[in-house]
Amino acid sequence: AQSVTQPDIHITVSEGASLELRCNYSYGATPYLFWYVQSPGQGLQLLLKYFSGDTLVQGIKGFEAEFKRSQSSFNLRKPSVHWSDAAEYFCAGWSNAGNMLTFGGGTRLMVKP
Amino acid sequence: NAGVTQTPKFRVLKTGQSMTLLCAQDMNHEYMYWYRQDPGMGLRLIHYSVGEGTTAKGEVPDGYNVSRLKKQNFLLGLESAAPSQTSVYFCASSRDRTTDTQYFGPGTRLTVL
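Rules and cut-offs
- Residues numbered from 1 in each chain as written.
- Chains lettered and ligands numbered in written order.
- Predicted model: local features only at pLDDT ≥ 70, side-chain atom pairs only at ≥ 80, totals over all residues.
- Heavy atoms only, no water.
- Buried < 20%, exposed > 50% of the residue type's maximum accessible area, 1.4 Å probe, protein only.
- Helix = DSSP H or I, 4+ residues; strand = E, 2+ residues; numbered from the N terminus.
- Pairing = 2+ DSSP bridges.
- Disulfide = S-S within 2.5 Å.

Undergrad: I'd like a description of the pairing of strand S5 (residues 43-51) of chain B, backed by residues and values.
TA: Residues and elements named next belong to chain B. Burial analysis of S5 places eight of its nine residues in the buried class, the great majority of the element. Both strand S4 (residues 31-37) and S5 contribute to a ladder of six bridges, which runs antiparallel. Residue pairing in the sheet places Tyr 33 in a bridge with Tyr 48 of S5. Linking two consecutive strands that pair antiparallel, namely S4 and S5, is a turn of five residues; a positive phi of about 80° is found at Gly 40 within it. In the sheet, S5 pairs with strand S6 (residues 54-57) via three bridges, with the strands oriented antiparallel. The residue bridging His 47 from the neighbouring strand is Lys 57, located in S6. Linking S5 to S6, which pair antiparallel, is a turn of two residues; within it Gly 53 sits at a positive phi near 85°.

Undergrad: Can you break down the state of the cysteines residue by residue, with the values?
TA: Residues and elements named next belong to chain A. A full pass over the atoms with the stated rule returns two disulfides over all chains. Residue Cys 23 pairs covalently with Cys 91 via a disulfide, S to S 2.0 Å. The S-S bond linking Cys 23 to Cys 91 shows a torsion near -65°; that makes this disulfide left-handed. One end of the pair, Cys 23, is in the loop between strand S3 (19-21) and strand S4 (24-26); the other, Cys 91, is in strand S10 (residues 87-95), and 68 residues separate them in sequence. Residue classification places Cys 23 among the buried positions, given a relative accessible area of 0%.

See the structure below:
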């Protein structure tokens, strides 16, 4: 079955430190992959998406993600975290076989001053 | 441009009561979706619509009905609410169903006692 897994439920980083949020997918073919962010009390906002081509994808708010087929991963990174990045982050995948967007369980990011 | 709006923001129901959640979008999107969000499970698709007058089941459709009488509105109904339907409900819309960004509303927090 197609699935997206986010192994880390909570992550805490210090402001200014680098960040990497993990996402693993299980799809037969290369899926379309997305990262969304949800600020407290808000809906989800798209950070970036990967369909094909260059495996390093740039997004909004200084985020980037790298698609690694050999590791079935699509990890989200940011070189220097700001306090305003504290939120919940969702990885999601789409395949034509599944015909719907499948979300991971989410990673809650806390930022220490 | 309001984007995607949801009504109401909060609701408390007793078991067996019915209610309708309203989603409206002003982006002229063809596709609309209803998700539920439960802790640790990410978002799961309940129903979706590919255009006015058409709806389809998602991953967790049982206990819910939907209607799309106007292109800009997508209604989610609970005919006989159960405590298992306590959740946060999100509506989203997109231009197309595969590669396009989904735009989310702010959510409705529903508690069923």
